[in-house]
Amino acid sequence: MLALYSVQGQAQEAMPKVFLMGENEKAYEQLTQDYAQSLLEVCNNDMDMAFEQWLDMVKEMEKYAEKIKFDLKGVKLRLHVFWAADGKIDHIGYLLRSDSRNINTAELSAFFSSFINRYKLNKTSEKKFSHYTGATFPTFVEKLSE
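So, how was this worked out
- Residues numbered from 1 in each chain as written.
- Predicted model: local features only at pLDDT ≥ 70, side-chain atom pairs only at ≥ 80, totals over all residues.
- Heavy atoms only, no water.
- Helix = DSSP H or I, 4+ residues; strand = E, 2+ residues; numbered from the N terminus.
- Buried < 20%, exposed > 50% of the residue type's maximum accessible area, 1.4 Å probe, protein only.
- Contact = heavy atoms within 4.5 Å.
- Pairing = 2+ DSSP bridges.
- Axes fitted to C-alpha atoms, helices over the stretch in contact; angles between N-to-C directions.

1. Overview of the overall build of the protein chain
Phase 1 of the analysis: A count of helices and strands for the protein chain gives 5 helices and 5 strands.
Phase 2 of the analysis: Counting helices and strands in the order they occur from the N terminus, the protein chain gives α-β-α-β-α-α-β-β-α-β.
Phase 3 of the analysis: Within the protein chain, the fraction of its 146 residues that count as buried is 41%.
Phase 4 of the analysis: Expressed as a percentage of contacts within the protein chain between residues at least 6 apart in sequence, the contacts between residues at least 24 apart total 73%.

2. Describing the sheet that holds strand β4 (residues 89-96)
Phase 1 of the analysis: Strand order across the open sheet formed by 5 strands is β1-β4-β3-β5-β2, with mixed pairing between neighbours. Edge strands, defined here as strands with exactly one partner in the open sheet, are β1 (18-20) and β2 (37-38).
Phase 2 of the analysis: As judged from the 8 bridges shared by strand β3 (residues 76-83) and strand β5 (residues 129-136), these two strands associate in the antiparallel manner. Across the sheet, K76 pairs through a bridge with T136, a residue of β5.
Phase 3 of the analysis: Docked against the sheet, helix α4 (residues 47-67) engages β3, β4 and β5, running at close to 115° with respect to β3.
Phase 4 of the analysis: The sheet contacts of helix α5 (residues 105-116) involve β1, β3 and β4, and relative to β4 the element is tilted by about 155°.

Structure below.
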């Protein structure tokens, strides 16, 4: 068990807070195992609640980008966010989609690094968790009434 913990610790240390997916596959694989619980599970398998949590975070990203005058418009990417049990973001992995606006990845990584220090999810859990999906900026989502 101690060896497994050591391997997990090494993977986390090897992986920066913000990273481009595909650059360090072994460490990324280890992160996905270490944060195996999903955001959906943290939300008691309530898809609406999980979606609202995700959407709130993406909207906060947009608000923060506007505040610091960082242009996210036209950015389309795959995001893999890894949260600590207390809801703080430990890591963000991303991959720009081929139909995304061209953006400097060093600047985008710096933006995400700064965002991580300012954001905390409203949900907590007994253990670490993650969520992987796409994001497009600006975010236009409207909930349809039933």
